[in-house]
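# A look at the structure
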Amino acid sequence: NAGVTQTPKFQVLKTGQSMTLQCAQDMNHEYMSWYRQDPGMGLRLIHYSVGAGITDQGEVPNGYNVSRSTTEDFPLRLLSAAPSQTSVYFCASSYFPGAGISPLHFGNGTRLTVT
Amino acid sequence: DAKTTQPPSMDCAEGRAANLPCNHSTISGNEYVYWYRQIHSQGPQYIIHGLKNNETNEMASLIITEDRKSSTLILPHATLRDTAVYYCIVSTSGGGADGLTFGKGTHLIIQP
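Before going further, it helps to spend a moment on the environment of F106(A). Tracing the sequence through the fold places F106(A) in strand β10 (residues 105-106). Of the residues examined, F106(A) reaches a relative accessible area of 11% and is grouped as buried. Residues F106(A) and F90(A), 16 residues apart in the sequence, show an inter-C-alpha distance of 6.7 Å. Beyond its immediate chain neighbours, meaning those up to four positions away, F106(A) contacts V4(A), Y35(A), L43(A), F90(A), C91(A), A92(A), Y36(B), G43(B), P44(B) and F102(B).

Here the focus is the side chain of H49(B). Structurally, the position occupied by H49(B) is in strand β4 (residues 45-50). Residue classification places H49(B) among the buried positions, given a relative accessible area of 16%.

Attention now moves to the sheet that holds strand β8 (residues 76-78) of chain A. All names here are of chain A. Overall, antiparallel pairing links the four strands, which are arranged β1-β3-β8-β7 in an open sheet. Every other strand in the sheet has two partners, leaving β1 (4-7) and β7 (64-66) as the edge strands with one partner each. Averaged over neighbouring strand pairs, the angle between their axes works out to 20° when direction is ignored. As defined by bridge partners, strand β3 (residues 19-25) adjoins β8 across three bridges and the pair is classed as antiparallel. Bridge assignment links T20 to a residue of β8, and that residue is R77.

All told, the structure shown has two disulfides over all chains when counted by the stated rule. Through a disulfide, C23(A) is tied to C91(A); the S-S separation comes to 1.9 Å. Between C23(A) and C91(A), the disulfide has an S-S torsion of -75° and is therefore left-handed. Of this pair, C23(A) sits in strand β3 while C91(A) sits in strand β9 (residues 87-94), and the two are 68 residues apart along the sequence. Taking relative accessible area as the criterion, C23(A) reaches 2% and is therefore assigned buried. The disulfide partner of C22(B) is C88(B), and the S-S distance across this bridge is 2.1 Å. Where C22(B) bonds to C88(B) through sulfur, the torsion about that S-S bond is close to -80°, and the disulfide is left-handed. Pair noted here: C22(B) is in strand β2 (residues 18-23) and C88(B) is in strand β8 (residues 84-91), with a separation of 66 residues, a long-range link. The class of C22(B) is buried, set by a relative accessible area of 2%. The cysteine C12(B) is free of any disulfide, with C22(B) supplying the nearest cysteine sulfur at 18 Å.

Rules of the game
- Residues numbered from 1 in each chain as written.
- Chains lettered and ligands numbered in written order.
- Predicted model: local features only at pLDDT ≥ 70, side-chain atom pairs only at ≥ 80, totals over all residues.
- Heavy atoms only, no water.
- Helix = DSSP H or I, 4+ residues; strand = E, 2+ residues; numbered from the N terminus.
- Buried < 20%, exposed > 50% of the residue type's maximum accessible area, 1.4 Å probe, protein only.
- Contact = heavy atoms within 4.5 Å.
- Pairing = 2+ DSSP bridges.
- Axes fitted to C-alpha atoms, helices over the stretch in contact; angles between N-to-C directions.
- Disulfide = S-S within 2.5 Å.

Structure below.
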């Protein structure tokens, strides 16, 4: 059981470049989400999805796009990378609605540096 | 989601029980208490959750006070691999539409 798989593990971009962070889960979870974690801070929600074809914004959505064409995959796109987007990005999934009983399963993160 | 208060750091000797406190005095009746941990450079890992009753699983025990304003996570026999940041979170959804609010947590250091 692979759980939540994120690729790549590391990425360096130049300002203005675009890229897609991949996230896949094999647990048939309806809910998927993206968080970013900056040094000394907790995780902050970027975007989330409650099922294929449905996405919504979290706390810090600016500069990021998402789509959910399948249950398994939830890619995060950086349209024009900025140094402020240097961070560790985590993808998470769970059953939905969780109703308090469905904890999040996290991937091991993508470490992004924008120069 | 209600806020939580945790000590920034704690030490525990290997083999002893680690007791991590959490205050959540503004918790509402439909909010669960969740505990996650994050080992260096890895994604957060779910540990346990509860609503009113004490809970136990293969990783830990969760003790919730009768008034639900505080809780304690107990790792019964701590090992060096339990060194991590532990997050106490209260949530109605377990992380659904609202996401989970991760504060700064408690950095637990297990000493050999």
